[in-house]
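# Understanding the architecture of this molecule
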Amino acid sequence: MKTVIQVIQLFLAIIILVSLIGSCESSPKESKHQNASEDEPNRPKTSLIKEDLVELVRGAINPQFEDWGLFENGTYIVFDNADTIPNIEEMAIELMKEYGPVFPGGPAGDFNVTHLNNVPGWSISSHFYGMYTYVHPDEVNSNNNDLEIGLFGRGKRDLDGKNPVVIHINAKSK
């Protein structure tokens, strides 16, 4: 019975994802912050410029965590043991390559959606402790539900996992 439920959930997630992709292709969202390349029209990069994204993610993270790395599509990894890590950027890339890509049917497809209080948008958690993806309201339709927002964020994490490009490292002084 549990397997049937999982198959149904996967089927529904695929239907929603296909409908999201279809709606993105038929009516692309314009943004004054667009940084997606003309050569990559189907690559859903974040619609925010780097400086804005860094500040929004900084506002999404609990201030007690001072060590984190941010990737170009909005995925960030928070480190609570950075004193033991010789190079945070190298560690962030290694973790992103291992835990960022999404593989259907496994734990990499899992996510939770958190509505942020200090900045607009959502933080999408992953199956890996400390890995989140920021989704801004301008990146999704205003009538999207948590499942659609989570799937969009998970897609952004998948992009960062397959091509990890660090755009910011925040590290307290050692």
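Residues numbered from 1 in each chain as written. Predicted model: local features only at pLDDT ≥ 70, side-chain atom pairs only at ≥ 80, totals over all residues. Heavy atoms only, no water.

Another aspect to go through is the overall build of the protein chain. Scanning the protein chain for helices and strands turns up 4 helices and 6 strands. Counting from the amino terminus, the protein chain carries its helices and strands in the arrangement α-α-β-β-α-β-β-β-α-β. Burial analysis of the protein chain (174 residues in total) assigns 44% to the buried set. In the protein chain, of all internal contacts separated by at least 6 residues, the share reaching a separation of at least 24 is 57%. Carbon and sulfur atoms make up 54% of the accessible area of the protein chain, which amounts to about 10100 Å² in all. (Helix = DSSP H or I, 4+ residues; strand = E, 2+ residues; numbered from the N terminus. Buried < 20%, exposed > 50% of the residue type's maximum accessible area, 1.4 Å probe, protein only. Contact = heavy atoms within 4.5 Å. Areas by Shrake-Rupley, 256 points an atom, 1.4 Å probe, with all protein chains shown as cover.)

Right, let's talk about a negative patch on the surface for a bit. On the surface, Glu89, Glu90, Glu94 and Glu98 cluster together into a negatively charged patch. Residue classification places Glu90 among the exposed residues on the basis of a relative accessible area of 55%. (Patch = residues over 30% accessible without salt bridge, like charges linked within 9 Å, V, L, I, M, F, W, Y side chains within 5 Å. Salt bridge = Lys/Arg side-chain N within 4 Å of Asp/Glu carboxyl O. Lys, Arg positive; Asp, Glu negative; His and termini not counted. Charge placed at Lys NZ, Arg CZ, Asp CG, Glu CD.)

Let us now look at the packing of helix α3 (residues 88–99) against helix α4 (residues 146–162). Remark: α3 packs on α4, axes separated minimally by 7 Å, with the N-to-C direction vectors making an angle of 120°. When the axes of α3 and α4 are compared, the pair comes out oblique. As for how α3 packs across α4, the hand of that crossing is left-handed. Here α3 contributes Met96, Lys97 and Tyr99 to the contact with α4, which in turn contributes Arg157, Asp160 and Gly161. Residue composition of the contact of α3 with α4, by class: 2 nonpolar, 1 polar and 3 charged. (Axes fitted to C-alpha atoms, helices over the stretch in contact; angles between N-to-C directions. Parallel < 35°, antiparallel > 145°, perpendicular 65-115°, else oblique. Left-handed = near helix turned anticlockwise from the far one by under 90°. Nonpolar A, V, L, I, M, F, W, Y, C, P; charged D, E, K, R; others polar.)

So, on to the pattern of salt bridges. Throughout the structure, instances matching the rule amount to 3 salt bridges. The residue Arg58 makes a salt bridge to Glu55 at a minimum N-O spacing of 3.4 Å. On the criterion of helical spacing, the pair formed by Arg58 and Glu55 is a turn pair, its members being 3 residues apart in helix α2 (residues 50–60). The exposure class assigned to Arg58 is partly exposed, which follows from its relative accessible area of 33%.

The next thing to look at is the pairing of strand β3 (residues 112–115). Across 4 bridges, β3 lies against strand β4 (residues 122–125) in antiparallel orientation. Of the residues in β4, the one forming a bridge with His115 is Trp122. If you look at the hairpin formed by β3 and β4, you'll find 6 residues sitting between the two strands, and Gly121 has a positive phi there, around 115°. (Pairing = 2+ DSSP bridges.)

A separate point is the packing of aromatic side chains. Under the criterion given, the structure shown has 2 aromatic pairs. Ring geometry for Tyr99 against Phe128: centres 4.2 Å apart, planes inclined by 20°, an arrangement best described as stacked. Of the two residues, Tyr99 is situated in helix α3 and Phe128 in the loop between β4 and β5 (131–135); the sequence distance between them amounts to 29 residues. (Phe/Tyr/Trp six-rings, centres within 6.5 Å; stacked < 30°, edge-to-face > 60°.)

Turning our attention to the environment of Leu70. Along the chain, Leu70 turns up in strand β1 (residues 67–71). Judged by its relative accessible area of 0%, Leu70 is buried. Spatially, the C-alpha atom of Leu70 lies 9.8 Å from that of Tyr134, the residues being 64 residues apart in sequence. Ignoring sequence-local partners within four residues, the contact set of Leu70 consists of Leu53, Val54, Val57, Thr75, Tyr76, Val165, Val166, Ile167 and His168.

With 72% of its residues at a pLDDT of 70 or more, the protein chain shows a mean pLDDT of 79. Across residues 23–43 the pLDDT falls below 50, and counting only partners more than four positions away or on other chains, this stretch makes 19 contacts in the model. (pLDDT = per-residue confidence, 0-100.)

Within strand β6 (residues 166–170), 4 of the 5 residues are buried, which leaves the element mostly enclosed by the surrounding structure. Of the strand pairs in this sheet, β1 and β6 are connected by 4 bridges, and their pairing is antiparallel. When the sheet's bridge partners are listed, Trp68 is paired in β6 with Asn170.

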